[in-house]
Amino acid sequence: MSELRALLTTALDRLLAEHPVLRAVEAGEWPAQLWAALEEQGLTLALVPEAQGGVGLSWGDAAALWQVLGRHGAPVPLGEAMLAARLLADAGIEVPDGVLALSIGGPAPFGRHAARLVLAEGGRVALHAAQVAEHGANLGREPRDGMAPGPAIARGRAEHGRAPLLGLALLRAAQMAGALEAVLAQAVEWANTRKQFGRAIGKFQ
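Just so you know, these numbers come straight off a predicted model, no measurement behind them.

Cut-offs applied
Residues numbered from 1 in each chain as written. Predicted model: local features only at pLDDT ≥ 70, side-chain atom pairs only at ≥ 80, totals over all residues. Heavy atoms only, no water. Helix = DSSP H or I, 4+ residues; strand = E, 2+ residues; numbered from the N terminus. Buried < 20%, exposed > 50% of the residue type's maximum accessible area, 1.4 Å probe, protein only. Contact = heavy atoms within 4.5 Å. Core = buried A, V, L, I, M, F, W, Y, C linked by side-chain atoms within 4.5 Å. Pairing = 2+ DSSP bridges. Phe/Tyr/Trp six-rings, centres within 6.5 Å; stacked < 30°, edge-to-face > 60°. Axes fitted to C-alpha atoms, helices over the stretch in contact; angles between N-to-C directions. Parallel < 35°, antiparallel > 145°, perpendicular 65-115°, else oblique. Nonpolar A, V, L, I, M, F, W, Y, C, P; charged D, E, K, R; others polar. Salt bridge = Lys/Arg side-chain N within 4 Å of Asp/Glu carboxyl O.

Visitor: Run through the environment of Leu57, naming residues and quoting values.
Guide: Examined against the element boundaries, Leu57 turns out to sit in the loop between helix H3 (32-40) and helix H4 (59-72). Taking relative accessible area as the criterion, Leu57 reaches 5% and is therefore assigned buried. Considered as a pair, Leu57 and Arg5 are 52 residues apart in the sequence and their alpha carbons are 8.1 Å apart. Residues within four places of Leu57 in sequence aside, it is in contact with Leu4, Leu8, Ala46, Leu47, Leu65 and Arg86.

Written out as structure tokens, the structure is:
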């Protein structure tokens, strides 16, 4: 693991531990304090090349950060914002300030809280003002909103036509891996602390 990757994953792990926002998000609130801290750490621009004002992380570095999101069950669209910013940068579009929502052929996570919407379809990438057509949610009660984008602010093409879908697949796989790590840790802790017949259940065959 590179030194930068270790620093950023440690910083993200600490931020998520310090800002428990699940109940607030379930109640429809935007975790503004946590998001401001993520932006201050440069995490929303982590995948954008340094020449374009970002951190310049590799996809492997990004996956490590996304794994931390999954481990915490973090109800923030950091992964989507990172991917959206990278797609804009690859398409030669300046990454705007504010929360970015990302739609790749479906609802946009936390679209109702975004200032701008990135639409990615095939190799086409477009930046729009974010306008919500329909509020929705996933099984975890996180916002997943149908969007009604206004006129495009900018258009371009991704460096690779399948980049949006492959990036999203990597994001979800990393989040699932992180979530499974957390489940395993909880199961091991339970087996080592829950006692039956005078000893921890993990001591039985």
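Once you've had a look at it, read on.
Visitor: So what about the nonpolar core? Which residues, and what values?
Guide: Core analysis: the largest hydrophobic core is formed by 34 residues, its most contacted members being Leu12, Leu38, Leu43, Leu65, Trp66, Leu78 and Met82. Counting residues per element, the ones that place at least two in this core are helix H1 (3-18), H3, H4, helix H5 (78-90) and helix H6 (163-193). In this structure, Leu78 is in contact with Leu12, Trp35, Leu38, Leu43, Thr44 and Leu69, ignoring residues within four places of it in sequence.

Visitor: So what's going on with the sheet that holds strand S2 (residues 108-109)? Residues and values would help.
Guide: Overall, antiparallel pairing links the 3 strands, which are arranged S2-S6-S5 in an open sheet. Each edge of the sheet is formed by a strand with only one pairing partner; in this case those strands are S2 and strand S5 (132-134).

Visitor: Describe in detail the packing of aromatic side chains, supporting the description with residues and values.
Guide: Per the stated rule, a full pass over the model turns up 2 aromatic pairs. Ring plane angle 55° and centroid distance 5.3 Å describe the contact between Trp30 and Trp35, whose orientation is recorded as tilted. Note on Trp30: relative accessible area 22%, which makes it partly exposed. With relative accessibility at 4%, the residue Trp35 sits in the buried group. Each ring, one from Trp30 and one from Phe110, has its centre 6.0 Å from the other, and the planes form 70°; the classification is edge-to-face. Of the two residues, Trp30 is situated in the loop between helix H2 (22-26) and H3 and Phe110 in the loop between S2 and strand S3 (116-121); the sequence distance between them amounts to 80 residues. Given the relative accessible area of 2%, Phe110 is considered buried. In textbook terms, an aromatic cluster arises when at least three aromatic residues are bridged by ring pairs, as seen for Trp30, Trp35 and Phe110.

Visitor: For the packing of H4 against H5, give the residues involved together with the corresponding values.
Guide: Between H4 and H5, the least distance of the axes is 10 Å, while the angle of their chain directions is 160°. Taken together, the axes of H4 and H5 lie roughly antiparallel to each other. Residues Trp59, Ala62, Leu65, Trp66 and Leu69 of H4 form the contact with H5, whose own contacting residues are Leu78, Gly79, Met82, Leu83 and Arg86. The residue inventory of the contact of H4 with H5, partitioned by class, reads 8 nonpolar, 1 polar and 1 charged.

Visitor: Account for the pattern of salt bridges, naming residues and giving values.
Guide: What the rule picks out here adds up to 9 salt bridges. Here Arg71 and Asp13 are joined by a salt bridge, their closest N and O atoms 4.0 Å apart. Taken together, the positions of Arg71 in helix H4 and Asp13 in helix H1 put the pair 58 residues apart, joining distant regions of the chain. A salt bridge links Glu80 to Arg172, with the shortest nitrogen-to-oxygen separation between them at 2.9 Å. One end of the pair, Glu80, is in helix H5; the other, Arg172, is in helix H6, with 92 residues separating them in the sequence. Look at Glu80 and you get buried, because its relative accessible area is 5%. In this structure Arg172 comes out as partly exposed when scored by relative accessible area, which is 27%. The network of salt bridges with shared partners includes Asp13, Arg71 and Glu181.

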